[in-house]
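Below are the chains, spelled out letter by letter.
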4 protein chains.
Amino acid sequence: MKFRVSCELEYTLYDPVTFLFVLHCVETSDQLLLSESLVIDPYIPSEEFIVPGGMNRVTRFTTYYSGHLRVSYQAEVSTNTLIAPSNLLSNDSPQTFGADVIPFLLPSRYCQSDRLREQAYEMFGHLMTPHAIASAVCSWIYENIAYEMGSSMETTSAVDTFLHRHGVCRDFAHLAITFCRAMNVPARYVTCYAHKLDPQDFHACFEVFIDGLWYIFDATRLVPMNGLVRIATGRDATDAAVCTLFGTPELTLSSVFCECIDPDFVPITREDLIQRNEAIALL
Amino acid sequence: MKFRVSCELEYTLYDPVTFLFVLHCVETSDQLLLSESLVIDPYIPSEEFIVPGGMNRVTRFTTYYSGHLRVSYQAEVSTNTLIAPSNLLSNDSPQTFGADVIPFLLPSRYCQSDRLREQAYEMFGHLMTPHAIASAVCSWIYENIAYEMGSSMETTSAVDTFLHRHGVCRDFAHLAITFCRAMNVPARYVTCYAHKLDPQDFHACFEVFIDGLWYIFDATRLVPMNGLVRIATGRDATDAAVCTLFGTPELTLSSVFCECIDPDFVPITREDLIQRNEAIALL
Amino acid sequence: MKFRVSCELEYTLYDPVTFLFVLHCVETSDQLLLSESLVIDPYIPSEEFIVPGGMNRVTRFTTYYSGHLRVSYQAEVSTNTLIAPSNLLSNDSPQTFGADVIPFLLPSRYCQSDRLREQAYEMFGHLMTPHAIASAVCSWIYENIAYEMGSSMETTSAVDTFLHRHGVCRDFAHLAITFCRAMNVPARYVTCYAHKLDPQDFHACFEVFIDGLWYIFDATRLVPMNGLVRIATGRDATDAAVCTLFGTPELTLSSVFCECIDPDFVPITREDLIQRNEAIALL
Amino acid sequence: MKFRVSCELEYTLYDPVTFLFVLHCVETSDQLLLSESLVIDPYIPSEEFIVPGGMNRVTRFTTYYSGHLRVSYQAEVSTNTLIAPSNLLSNDSPQTFGADVIPFLLPSRYCQSDRLREQAYEMFGHLMTPHAIASAVCSWIYENIAYEMGSSMETTSAVDTFLHRHGVCRDFAHLAITFCRAMNVPARYVTCYAHKLDPQDFHACFEVFIDGLWYIFDATRLVPMNGLVRIATGRDATDAAVCTLFGTPELTLSSVFCECIDPDFVPITREDLIQRNEAIALL
């Protein structure tokens with residue numbers, strides 16, 4: 001699927017600020033960059049680097065003036081998002097995971113899988129495969145956590161969301177990751193552009209490692225699962241923030257856009273997948 | 001300095017368990033392995049790997065029997081631990097840190113620097129250099145947190161320790177790292193063998209990144225700063241645990257030993273450093 | 001001082017709801033009710049009671065229909081709010097407090113004085129009298145906690161506010177009470193109407209027990225200290241909520257009004273008191 | 001049932017301490033004091049009072065010397081503990097509870113029923129009566145929370161226990177009260193002497209208000225339900241501590257004893273009650 005994505009962020013600057021932006025789409029085996037541009041206005045020299053052990057493309061620069069800053073990114077991207085088939089059986093285990101997968105089994109800032117382990121076993125302990133666990137986690141969250149703008153804060157963690165039962169996409173992803181890790185299923189956070197997300201904004205979902213591959217999951221059901229364009233990947237929102245700031249600028253505008261420009265685009269929703277599974281189960 | 005270190009861990013096994021041990025001393029520019037051996041008794045095939053983006057040497061194996069397991073490690077190591085000189089000025093900033101340093105500026109599971117940022121600025125905001133901040137953080141923790149065996153749990157985080165004012169070496173390190181990161185000073189967790197730690201056990205301290213190097217700090221003042229032998233390094237105890245378990249064995253014995261075998265060993269304590277600084281300040 | 005106060009609350013009802021309203025001004029030795037009326041529209045039989053050990057006037061009724069409900073209260077009240085003089089010395093101690101004061105020394109839902117005890121001693125341990133402690137607590141909170149609408153939630157407690165450094169009047173009062181209790185100074189929560197509070201709303205402040213009397217304090221400095229009309233008193237917001245609900249109605253309108261109608265009203269602000277103290281100190 | 005109870009507490013004193021002891025058994029319609037004595041050694045003048053709105057008998061005194069203190073209490077008590085029959089139907093609701101019951105519907109320091117409301121509805125929302133709710137809460141806690149000495153701290157609250165799944169009698173009672181209140185079932189904390197509790201110590205359980213009476217429940221199943229002698233009652237451990245201290249003495253001995261001295265004593269256990277219910281259900 002081909003997507004056109006863009007974002008525009010405007011800031012008012014008072015003091016020097018170091019910005020670490022992660023706005024670029026990444027290139028992976030499932031995602032191809034057709035074209036892209038990043039404009040920093042006024043022009044400020046910047047560097048781009050990738051944090052070791054990850055794939056996020058970080059753009060870093062420091063402003064030393066007072067006034068306005070505009071950062072604009074646009075790209076055309078072709079994706080082939082990996083959606084787990086329903087009959088995905090797997091005997092993955094901590095014994096076989098590659099070294100690069102191990103960190104995604106462990107608790108992180110917003111995903112305290114050590115604190116929700118008992119709860120996870122109680123709810124998902126009867127399930128036999130990583131796919132079944134991740135699917136059940138998504139269903140439970142979708143049915144029990146109310147999606148509500150403004151219901152959480154930057155410091156909100158999975159434990160808070162589990163108790164409070166409210167959140168936004170970030171909180172849905174954190175809680176899902178936490179339950180998966182608590183069940184020894186590797187899970188990681190994904191920040192993305194999302195096709196026709198309403199209202200348009202950055203989106204967060206998560207991936208689960210099954211049989212050697214990372215498959216996308218999204219407990220919010222807000223966008224088609226094949227409508228995601230990957231920006232950043234990490235243990236949780238800490239590693240995958242679109243902007244990490246050192247300084248105190250004021251964000252005055254944030255505008256995000258993502259649309260599939262493929263005429264053949266047929267959205268695949270979680271409901272489709274569930275129906276398909278049920279159809280298979282009936283055969 | 002030359003050290004002889006060893007540890008012996010015994011478990012009773014009931015069900016299959018996957019063990020990820022990090023007991024090996026690492027080899028770095030400051031630490032040379034002279035000899036080492038790891039014995040798993042009874043013999044179980046194991047693999048060793050290093051988690052990408054880090055340096056910890058992980059030994060992984062799975063047990064499928066009921067009964068006893070003994071894991072013994074011993075090594076001779078030569079170290080040259082990097083202790084920060086007191087006149088260490090630095091204009092490091094988020095603008096100049098290398099990509100591999102960035103993760104150690106961000107909050108992690110047990111080091112919620114986002115939640116203690118205001119508190120850190122209130123206490124340490126007047127200090128001008130990373131070295132001054134790290135030193136003041138160590139002093140504050142040493143003076144205000146009571147070192148008390150059994151006063152914390154596995155889930156205890158820096159926020160808990162800050163409020164409760166009790167902890168062990170792990171908690172001291174977590175809180176120190178948290179304050180440093182909140183002040184934009186990169187800090188990471190170090191698990192180590194420690195010369196004549198009383199009672200003998202694994203030890204935890206932390207490192208601070210100044211002017212391109214990672215310097216050791218230890219808020220507990222329990223061991224000489226040149227008496228540490230590095231085992232594992234990470235964002236916090238999550239990444240640097242000596243044993244991560246998948247299963248439910250019973251630990252029946254844990255015995256750790258570390259001694260400097262260099263006849264010329266002159267312990268350097270935090271108090272020495274403080275006196276030296278004061279002497280310099282008086283000149 | 002004479003005040004005219006009123007409030008109007010409108011709800012849309014879907015299912016049966018039991019309401020416990022505490023909107024009535026109380027009568028105390030410092031506050032005289034000149035006139036009042038409470039209208040429940042449509043008419044629903046209600047009962048009024050006072051919770052034992054307290055003074056709050058609770059109005060309870062249950063609705064069994066779907067549709068609209070309007071509750072209106074208005075009153076004229078004469079007050080003589082007890083403001084602590086700056087030279088208030090006292091040798092109060094847990095040995096002498098009356099039995100009815102003891103509960104206000106203990107932690108409560110939103111005032112976890114047991115968790116902030118060490119912090120309180122560190123900040124206020126050098127102060128000798130309850131008045132000095134309460135004054136210093138108010139100053140610290142005013143200077144360090146940002147008053148920001150929407151920055152806290154219903155479940156926000158004093159520990160959260162202390163770490164996060166943001167809140168509204170409820171959070172200011174909870175944190176102040178917590179620090180006082182941690183210092184063994186009895187403190188309680190007060191819900192009130194407040195003269196020309198901008199925007200008009202219910203207000204929260206707190207009282208401190210010194211030398212046998214409860215004196216009003218307010219860390220927000222939003223309204224004159226002699227501009228408060230007491231509605232409810234309790235351990236924290238739990239006991240002193242204007243409305244406790246059993247059911248799920250929708251609040252569609254909340255309108256509160258309070259104005260001093262005494263032509264001689266001279267507002268007394270915290271700044272006045274501080275200046276007065278400094279003037280006395282200079283003599 | 002007749003009980004002989006006693007306790008002996010020894011302290012080493014360094015600085016002045018104000019003690020608030022609640023060691024006396026209370027007299028209620030279900031509990032009769034046959035004899036009692038309290039000895040403070042060395043003799044120190046003390047006063048006894050009852051906190052308004054409660055029934056706890058508080059003994060207060062202040063020590064001004066350094067050295068040893070021994071407090072001994074013994075009593076003979078006759079009880080007729082109110083155990084809820086299994087067929088207890090009730091249409092109690094917030095509309096009908098007496099004013100003195102209302103506080104026990106609200107959250108308190110260690111019983112954050114506001115934070116566990118959603119969780120409680122998920123687990124117990126299908127149950128129709130207070131008795132069914134309280135019974136199910138006890139069963140869930142007994143089956144899911146591990147009773148483990150030393151697994152909790154003084155600051156541990158119901159939310160902690162729910163997540164951590166470990167605790168002692170205090171934590172069991174706090175979590176049970178929290179779930180009940182979250183379901184709008186009034187519940188309160190009870191500190192008691194307990195027949196042949198092993199090891200002998202003070203015990204904590206809770207009461208639930210059904211049809212105008214407070215019935216005893218105990219999720220620990222450690223002692224017979226008719227083997228409890230009531231010391232203190234309150235919202236949670238805050239109000240019902242056997243000793244509240246102002247000062248820093250060292251507790252050097254704590255010895256508690258409780259035994260039924262009635263030759264006809266037939267212990268009634270939770271299992272008995274469950275069997276009885278099942279027998280009734282089979283009829």
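Since this is a predicted model, take the numbers as computed values, not measurements.

1. Here's the deal with the pattern of salt bridges
Right, on to step 1. Inspection of every chain in the model, using the stated rule, returns 52 salt bridges over all chains.
Right, on to step 2. We note a salt bridge from Glu122(A) to Arg165(D), for which the minimum N-O separation is 2.7 Å. Of this pair, Glu122(A) sits in helix 1 (residues 117-124) while Arg165(D) sits in the loop between helix 3 (158-164) and strand 8 (166-167), on two different chains.
Right, on to step 3. We note a salt bridge from Lys196(C) to Glu259(C), for which the minimum N-O separation is 3.9 Å. Of this pair, Lys196(C) sits in the loop between strand 9 (187-194) and strand 10 (203-210) while Glu259(C) sits in strand 14 (residues 250-260), and the two are 63 residues apart along the sequence.
Right, on to step 4. If you follow the salt bridges from partner to partner, you end up with Glu8(A), Glu10(A) and Arg70(A) in one network.

2. Thoughts on the interface of chain B and chain C
Right, on to step 1. Contact residues are listed per partner, giving 13 residues for chain B and 13 residues for chain C.
Right, on to step 2. A combined buried area of about 1100 Å² lies between chain B and chain C, and 45% of that area is made up of carbon and sulfur atoms.
Right, on to step 3. Sorting the residues of chain B by area buried against chain C places Arg115(B), Leu163(B) and Arg165(B) first, and these three jointly supply 49% of that buried surface.
Right, on to step 4. At the junction of chain B and chain C, the tally comes to four salt bridges.
Right, on to step 5. Our count for the contact surface shared by chain B and chain C stands at four residue pairs in polar contact (both at pLDDT 80 or more).
Right, on to step 6. Of the residues forming the side of chain B that touches chain C, the biggest block, five residues, is contributed by helix 3 (residues 158-164) of chain B.
Right, on to step 7. Here the side of chain B that touches chain C is built from residues that sort into five nonpolar, three polar and five charged.

3. As for the relation of the copies chain B and chain C
Right, on to step 1. Mapping chain B onto chain C calls for a rotation angle of 180° and an axial translation of 0.0 Å; the resulting RMSD is 0.0 Å. The symmetry that links the two subunits is that of a two-fold axis.
Right, on to step 2. Comparing interface residues between copies, 100% of those in chain B also lie at the interface in chain C; the contact surface is shared.

4. Describing the confidence of the model for chain A
Detailed reading of predicted coordinates is not advised where the pLDDT is low.
Right, on to step 1. On average, residues of chain A score 93 in pLDDT, and 97% of them reach the 70 mark or higher.
Right, on to step 2. The complex prediction reports pTM at 0.92, with the ipTM value standing at 0.94.

5. Re empty space enclosed by the protein
All names here are of chain A.
Right, on to step 1. Under the criterion given, the structure shown has three cavities of 30 Å³ or more.
Right, on to step 2. The volume enclosed by the largest cavity comes to roughly 130 Å³.
Right, on to step 3. Every residue lining the largest cavity is counted, 15 residues in all, and those nearest its centre are Gln31, Thr81, Glu207, Leu228 and Arg230.
Right, on to step 4. Elements with a contribution of two residues or more to the lining of the largest cavity: strand 9 (187-194), strand 11 (213-217) and strand 12 (228-234).
Right, on to step 5. Among the elements that line the lining of the largest cavity, the one with the most residues is strand 12, at three residues.
Right, on to step 6. The class makeup of the residues in the lining of the largest cavity is seven nonpolar, five polar and three charged.
Right, on to step 7. Reported here for the second largest cavity is a volume of approximately 60 Å³.

6. A look at the packing of helix 2 (residues 130-144) of chain D against helix 4 (residues 169-182) of chain D
Residue and element names in this part refer to chain D.
Right, on to step 1. Where helix 2 meets helix 4, the axes come as close as 10 Å, and the angle between the chain directions of the two elements is 140°. Relative to helix 4, helix 2 is oriented oblique. Pair helix 2 / helix 4 crosses with right-handed handedness. Residue-level contacts link Ala134, Val137, Trp140 and Ile141 of helix 2 to Phe172, Leu175, Ala176, Phe179 and Cys180 of helix 4.

7. Digging into the interface of chain A and chain B
Right, on to step 1. Each side of the interface is counted separately: chain A has 36 residues, and chain B has 34 residues.
Right, on to step 2. Surface buried jointly by chain A and chain B totals about 2800 Å² across both partners, of which 61% is contributed by carbon and sulfur atoms.
Right, on to step 3. Considering only the surface of chain A that becomes buried against chain B, Gln95(A), Arg109(A) and Phe246(A) emerge as the three largest contributors, covering 22% of it.
Right, on to step 4. For the salt bridge of Arg109(B) with Asp114(A), the shortest nitrogen-to-oxygen distance reads 2.9 Å.
Right, on to step 5. Put simply, chain A and chain B have 14 residue pairs in polar contact (both at pLDDT 80 or more) between them.
Right, on to step 6. The set of elements that each furnish at least two residues to the side of chain A that touches chain B consists of strand 2 (17-21), strand 4 (47-50), strand 5 (57-63) and strand 13 (243-246) of chain A.
Right, on to step 7. Partitioned by chemical class, the residues of the side of chain A that touches chain B number 17 nonpolar, ten polar and nine charged.

8. A closer look at the sheet that holds strand 2 of chain A
Residue and element names in this part refer to chain A.
Right, on to step 1. Taken in spatial order, the four strands line up as 4-5-2-13 in an open sheet, and their pairing is antiparallel. Both outer strands of the open sheet, strand 4 and strand 13, are each paired with one neighbouring strand and no more. When the angles between neighbouring strand axes are averaged without regard to direction, this sheet yields 20°.
Right, on to step 2. In this sheet, strand 5 lies alongside strand 2 in antiparallel orientation, the contact comprising five bridges. In the strand pairing of strand 5, Thr18 is matched with Thr62.

What counts and how
Residues numbered from 1 in each chain as written. Chains lettered and ligands numbered in written order. Predicted model: local features only at pLDDT ≥ 70, side-chain atom pairs only at ≥ 80, totals over all residues. Heavy atoms only, no water. Salt bridge = Lys/Arg side-chain N within 4 Å of Asp/Glu carboxyl O. Helix = DSSP H or I, 4+ residues; strand = E, 2+ residues; numbered from the N terminus. Contact = heavy atoms within 4.5 Å. Buried area = accessible area lost by both parts, 1.4 Å probe. Polar contact = N/O pair within 3.5 Å; in protein donor to acceptor, adjacent residues only side chain to side chain. Nonpolar A, V, L, I, M, F, W, Y, C, P; charged D, E, K, R; others polar. Least-squares fit on C-alpha atoms with pLDDT ≥ 70 in both. pLDDT = per-residue confidence, 0-100. 1 Å grid on protein atoms, 1.4 Å probe; cavity = no way out; pocket = protein on both sides within 12 Å on 5 of 7 lines; lining within 4 Å. Points joined across faces, edges and corners; volume = space filled by probe spheres on them. Axes fitted to C-alpha atoms, helices over the stretch in contact; angles between N-to-C directions. Parallel < 35°, antiparallel > 145°, perpendicular 65-115°, else oblique. Left-handed = near helix turned anticlockwise from the far one by under 90°. Pairing = 2+ DSSP bridges.

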